[in-house]
Amino acid sequence: MPKIKTSRVRYPEGWELIEPTLRELDAKMREAENDPHDGKRKCEALWPIFTISHQKSRYIYDLYHRRKEISKELYEFCLDQGYADRNLIAKWKKVRPGYERLCCLRCIQTRDHNFATTCVCRVPKHLREEKVIECVHCGCRGCASGD
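Each residue is numbered by its place in its chain's sequence as written, counting from 1. Selection of residues for local features in this predicted model requires a pLDDT of at least 70, selection of side-chain atom pairs for listing and counting requires 80 or more, and totals for whole chains, interfaces and linings are taken over all residues. Neither water nor hydrogens contribute to the side-chain values; these are computed over all heavy atoms in the structure.

Under an unreviewed UniProt entry, the name given to the protein chain is G10 protein, and the source organism is Zingiber officinale.

Colleague: So, the environment of valine 136: which residues are in play, and what are the values?
Modeller: Labels follow the DSSP assignment, with helices taken as runs of H or I lasting at least four residues and strands as runs of E lasting at least two, numbered in each case from the N terminus. By the element assignment, valine 136 lies in the segment after α4 (86–93). Note: C-alpha distance between valine 136 and tryptophan 47 (89 residues apart in sequence) is 8.9 Å. Contact definition: two residues touch when any of their heavy atoms are within 4.5 Å. Residues within four places of valine 136 in sequence aside, it is in contact with Cys43 and Trp47.

Colleague: Mind laying out the packing of aromatic side chains, listing which residues take part and the relevant values?
Modeller: Two rings from Phe, Tyr or Trp (for Trp, the six-membered ring) form a pair when their centres sit within 6.5 Å of each other. Planes less than 30 degrees apart are called stacked, planes more than 60 degrees apart edge-to-face, and all others tilted. Taken as a whole and assessed by the stated rule, the structure comprises six aromatic pairs. Pairing tyrosine 11 with phenylalanine 77 gives two aromatic rings, centres 5.6 Å apart and planes at 75°, and the pair type is edge-to-face. Taken together, the residues span a long stretch of sequence, with tyrosine 11 in the segment before α1 (15–34) and phenylalanine 77 in helix α3 (residues 72–80) at a distance of 66 residues. Every member of this aromatic cluster is reached through a ring pair, and the members are Tyr11, Trp15, Phe77 and Tyr83. The rule for a charge over a ring is simple: NZ of Lys or CZ of Arg within 6 Å of the ring centre, and within 35 degrees of the ring normal. One Lys or Arg, arginine 58, reaches over the ring of tryptophan 92 and ends 3.9 Å from the middle of that ring. Its guanidinium or amino end placed over the ring of tyrosine 99, lysine 94 lies 5.4 Å from that ring's centre, counting from NZ or CZ.

Colleague: Any chance you could break down the packing of helix α2 (residues 47–66) against α3 for me, citing the residues and the numbers?
Modeller: As a packed pair, α2 and α3 sit with axes 10 Å apart at the nearest point and diverge in direction by 160°. As summarised for this structure, α2 and α3 are arranged roughly antiparallel, according to the angle between their axes. Our pair here, α2 against α3, has a crossing hand that is left-handed. Where α2 abuts α3, its residues Ile60, Tyr64 and His65 lie against Lys72, Tyr75 and Cys78. Residue polarity is assigned by list, with Asp, Glu, Lys and Arg as charged and Ala, Val, Leu, Ile, Met, Phe, Trp, Tyr, Cys and Pro as nonpolar; anything else, Gly included, falls into the polar class. The residue inventory of the contact of α2 with α3, partitioned by class, reads four nonpolar, one polar and one charged. As a rule, the C-alpha atoms of each element are fitted with a line to give its axis, helices using only the stretch in contact, and angles between N-to-C directions run from 0 to 180 degrees. Angles below 35 degrees are treated as roughly parallel, those above 145 as roughly antiparallel, those between 65 and 115 as roughly perpendicular, and all remaining angles as oblique. Left-handed describes a crossing in which the near helix is turned anticlockwise from the far one by less than a right angle; the clockwise case is right-handed.

Colleague: How would you summarise α1 if you had to cite specific residues and measurements?
Modeller: Helix span, expected: 1.5 Å multiplied by one less than the number of residues in the helix. Relative to the 28 Å expected for 20 residues at 1.5 Å per residue, α1 spans 27 Å between its end C-alpha atoms, a close match to the ideal helical length. The complete set of buried residues in α1 reads Trp15, Ile18, Leu22, Leu25, Asp26, Met29 and Ala32. Against the buried residues of α1 lie α2 and α3. Here the term buried applies to any residue with accessible area under 20% of the maximum for its type, exposed to any over 50%, and partly exposed to those in between, with areas from a 1.4 Å probe on protein chains only.

Here it is, written out as structure tokens:
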């Protein structure tokens, strides 16, 4: 007789330490998703969602890679369950300089921009012609490592 699959998730040890923060960020995410976007451009309505997603990923990345406060098992669990963006964290971990403050993956995808370049938020502030800019994709005001 086959095993009956249950929907219970077994939380690894240490989950109770990060759960309140993740629940708070989930509540913010739900609020941002349900927020009316009257009078905003289509892309502007998504900016708070990108910001909160970045915060969750950065929180888990910092706990594991910088502060070493959570175990590898808990870190992998968070990535597998979708609490953090695995691909964004992979860019932050790269040894090549310039990706440690990356805001979202769409900003480095050349197919989404004119002339096959990256987003304007990736340009260091001292090299910009305009001093105040916002990324069209995520609302970032500058994620270049030289800022």
